Amino acid sequence: MVNVLGLDIGGANTKAAYVQTQKGTIKDVQIAVEYFPVWKKPQKLGQILQKLKTVFGDKFDAVGVTMTAELSDAYQTKREGVKHILGYVKEAFPNMPIYVLNTDTCLESPETALEAPFRVAAANWAATGWLVSQYFENCVVIDVGSTSTSIIPVINGKLAAQGKTDLDKLICGELVYTGSLRTNLAAIVQTVPVKGTVSMVSSELFALSGDVHLILGNISSRQYISETADGKGTTHKEALTRLARLICADTEMLTEKELTTIAQHIYEKQIQQIVVSLDQVYKRAKKTASTKVPILVAGLGKDFLAHKAAEQVKADVIMDLGELLPNKVSLAVPATGVALMTAKQVEEKNHDT
């Protein structure tokens, strides 16, 4: 039996997957998520890792790591971010084998990772793609998290991503910076319908995508785990108050019905943001694959964003990743993927010895 902890260290959330395998078969998977905006207090990352470590105990055969937090403006460069993150991982898991995922879907030591930090920066999409490729020969994954959306093609049982870096992925449509909770609404729309006309929006950070989805019932207050724009609560009323500020108004000037109409408009525009990129990637996958190409949806926004976008590109089949793995895994796919990759490597080493 092999016990591995997989870590997906993001800029806003750090996710952990405890995986127990035997001869390549998954025996148990457990997930934990900690909201941690690394840009505020990067020096506290070690405390977050220690907290996640204690959730599952500390008897692991190895730790697998992937990250996106190096993009945070807490760091001047990705090199600095990777060094900082891996330093805290090594401190939290001393005398334990640590494997870091790179964008070629290979695991390497922290020392090797530090020699070429761009290879391990923002490689969590590779963990997702590798995991899904164990089940599907051909597919496209849409993983909608709190902050961004990854679109990952798998063709002939292998990752077929055109981009390796975030920049490359933004260019080729494999990354869309729109998410379920943390997206500034001014980054989704420039105008909204109100009172029979159209209003431009303010570019202040007054409201987030989480407010829209809370108002529309796409998420619950409990699922709104990130900070709100005004630092206040996640009730329906508070979300309406923040949304009204988007057009420099308040809830005495606008009715709940008017605000709900605005929320619905923004929701539809956010789906379109994903559709534009998904259409590019899906068309490329369809040209290459010799069979039907299902779209697999994952992440917090899998039902109300990923699934809706998949419908609009007329996907051959739409499947919830939770149908392949325990549903909780779909909320932490990269962490689970890097954990399973690490477990496989540990089992192979144990077999060789």
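Analysis parameters
- Residues numbered from 1 in each chain as written.
- Predicted model: local features only at pLDDT ≥ 70, side-chain atom pairs only at ≥ 80, totals over all residues.
- Heavy atoms only, no water.
- Phe/Tyr/Trp six-rings, centres within 6.5 Å; stacked < 30°, edge-to-face > 60°.
- Helix = DSSP H or I, 4+ residues; strand = E, 2+ residues; numbered from the N terminus.
- Buried < 20%, exposed > 50% of the residue type's maximum accessible area, 1.4 Å probe, protein only.
- Pairing = 2+ DSSP bridges.
- Salt bridge = Lys/Arg side-chain N within 4 Å of Asp/Glu carboxyl O.
- Axes fitted to C-alpha atoms, helices over the stretch in contact; angles between N-to-C directions.
- Parallel < 35°, antiparallel > 145°, perpendicular 65-115°, else oblique.
- Left-handed = near helix turned anticlockwise from the far one by under 90°.
- Contact = heavy atoms within 4.5 Å.
- Nonpolar A, V, L, I, M, F, W, Y, C, P; charged D, E, K, R; others polar.
- Patch = residues over 30% accessible without salt bridge, like charges linked within 9 Å, V, L, I, M, F, W, Y side chains within 5 Å.
- Areas by Shrake-Rupley, 256 points an atom, 1.4 Å probe, with all protein chains shown as cover.
- Polar contact = N/O pair within 3.5 Å; in protein donor to acceptor, adjacent residues only side chain to side chain.
- Core = buried A, V, L, I, M, F, W, Y, C linked by side-chain atoms within 4.5 Å.

Q: Just checking my understanding: could you explain the packing of aromatic side chains for this structure?
A: Ring pairs (aromatic) are described by centroid distance and by the angle formed between their planes. A complete count under the given rule lists 3 aromatic pairs for this structure. Taking the centre distance of 5.7 Å and the plane angle of 15 degrees together, the rings of Y18 and F56 count as stacked. One end of the pair, Y18, is in strand β2 (residues 13–22); the other, F56, is in the loop between α1 (45–55) and β4 (62–67), with 38 residues separating them in the sequence. By the burial criterion, Y18 is buried, and F56 matches it. Both rings, one in Y18 and one in F60, keep their centres 6.1 Å apart while their planes meet at 55 degrees; by these two values the pair is tilted.

Q: Explanation requested: the pairing of strand β7 (residues 139–144) in the structure shown.
A: Working note: regular strand, side chains alternate between the two faces of the sheet. In terms of residue burial, β7 counts as a mostly covered element, since 6 of its 6 residues are buried. Burial of the side chains of β7 extends over both faces: C139, V141 and D143 are buried on one face and V140, I142 and V144 on the other. Direction of pairing for β7 relative to strand β8 (residues 149–155): antiparallel, over a ladder of 6 bridges. Following the sheet pairing, I142 is matched in β8 by I151. Taking the residues between adjacent antiparallel strands as the criterion, β7 and β8 are bridged by 4 residues. The pairing of β7 with strand β13 (residues 294–298) spans 4 bridges and is classified as parallel. The partner of D143 across the bridge, within β13, is A298.

Q: Can you help me understand the pattern of salt bridges in this one?
A: Two side chains carrying opposite charge are able to pair once their charged atoms lie near each other. Within this structure, the stated rule accounts for 16 salt bridges. Of the charged contacts, one joins K40 and E227 as a salt bridge, the two residues approaching to 2.7 Å between their closest N and O atoms. Here the residue K40 occupies a position in the loop between β3 (25–35) and α1, and E227 occupies one in the loop between α6 (209–215) and α7 (236–245), the gap between them amounting to 187 residues. With a relative accessible area of 36%, E227 lands in the partly exposed category. Here R119 and E108 are joined by a salt bridge, their closest N and O atoms 3.5 Å apart. Of this pair, R119 sits in the loop between α3 (110–115) and α4 (124–133) while E108 sits in strand β6 (residues 107–108), and the two are 11 residues apart along the sequence.

Q: Sorry, what's going on with the packing of α1 against helix α2 (residues 78–92) here?
A: Where α1 contacts α2, the two axes come as close as 9 Å, and the packing angle between them is 40 degrees. In terms of orientation, α1 and α2 fall into the oblique class. Crossing geometry of α1 relative to α2 is assigned as right-handed. Of α2, the residues touching α1 (which contributes L45, G46, L49, Q50 and K53) are H84, I85, Y88, V89, E91 and A92. Its residues placed into classes, the contact of α1 with α2 shows 6 nonpolar, 3 polar and 2 charged.

Q: Any chance you could explain a nonpolar patch on the surface here in plain terms?
A: Taken together, the side chains of L71, L170 and Y177 define a hydrophobic patch exposed on the protein surface, amounting to about 290 Å² of accessible area. Here L170 lies in helix α5 (residues 166–172). Relative accessible area serves as the criterion here: at 45%, L170 is assigned to the partly exposed category.

Q: Quick question: what am I supposed to make of the environment of A32 here?
A: If you trace the backbone, A32 turns up in strand β3. What makes A32 buried here is its relative accessible area of 12%. Excluding residues within four positions of it along the chain, A32 makes contact with T14, K15, A16, L52, V55 and F56.

Q: What exactly am I supposed to notice about the sheet that holds β6 here?
A: Paired through their backbone hydrogen bonds, the strands of a sheet run either parallel or antiparallel. Taking strand neighbours across the sheet as the criterion, the 6 strands line up as β3-β2-β1-β4-β5-β6 in an open arrangement whose pairing is mixed. Lying at the two open borders of the sheet, with one neighbouring strand each, are β3 and β6. Of the pairings in the sheet, the one linking strand β1 (residues 2–9) to β2 comprises 8 bridges and is antiparallel in character. If you follow L5 over to β2, its bridge partner there is Y18.

Q: Would you mind going over the side chain of N138 with me for this structure?
A: In this fold, N138 is placed in the loop between α4 and β7. For N138, the side chain forms a polar contact with the main-chain nitrogen of N156, separated by 2.9 Å. At 3.2 Å, the side chain of N138 and the side chain of T291 are in polar contact. In this structure, N138 is in contact with V154, I155, N156, A289, T291, K292, V293 and P294, ignoring residues within four places of it in sequence.

Q: Where do I start with the nonpolar core in this structure?
A: Proteins that are soluble and globular tend to have nonpolar side chains buried together. Judged by nonpolar contacts, the single largest core of 52 residues is most densely connected at V140, I142, L243, I266 and I295. Looking at this core, the elements with two or more residues in it are β7, β8, β11 (191–194), α6, α7, α8 (256–288), β13 and α9 (302–312). In contact with I295, other than residues within four places in its own chain, are V140, I142, L278, Y282, A310, V313, A315, V317, I318 and M319. Core analysis: the next-biggest nonpolar cluster, separate from the first, contains 34 residues, A62, A127, A161 and L296 among them.

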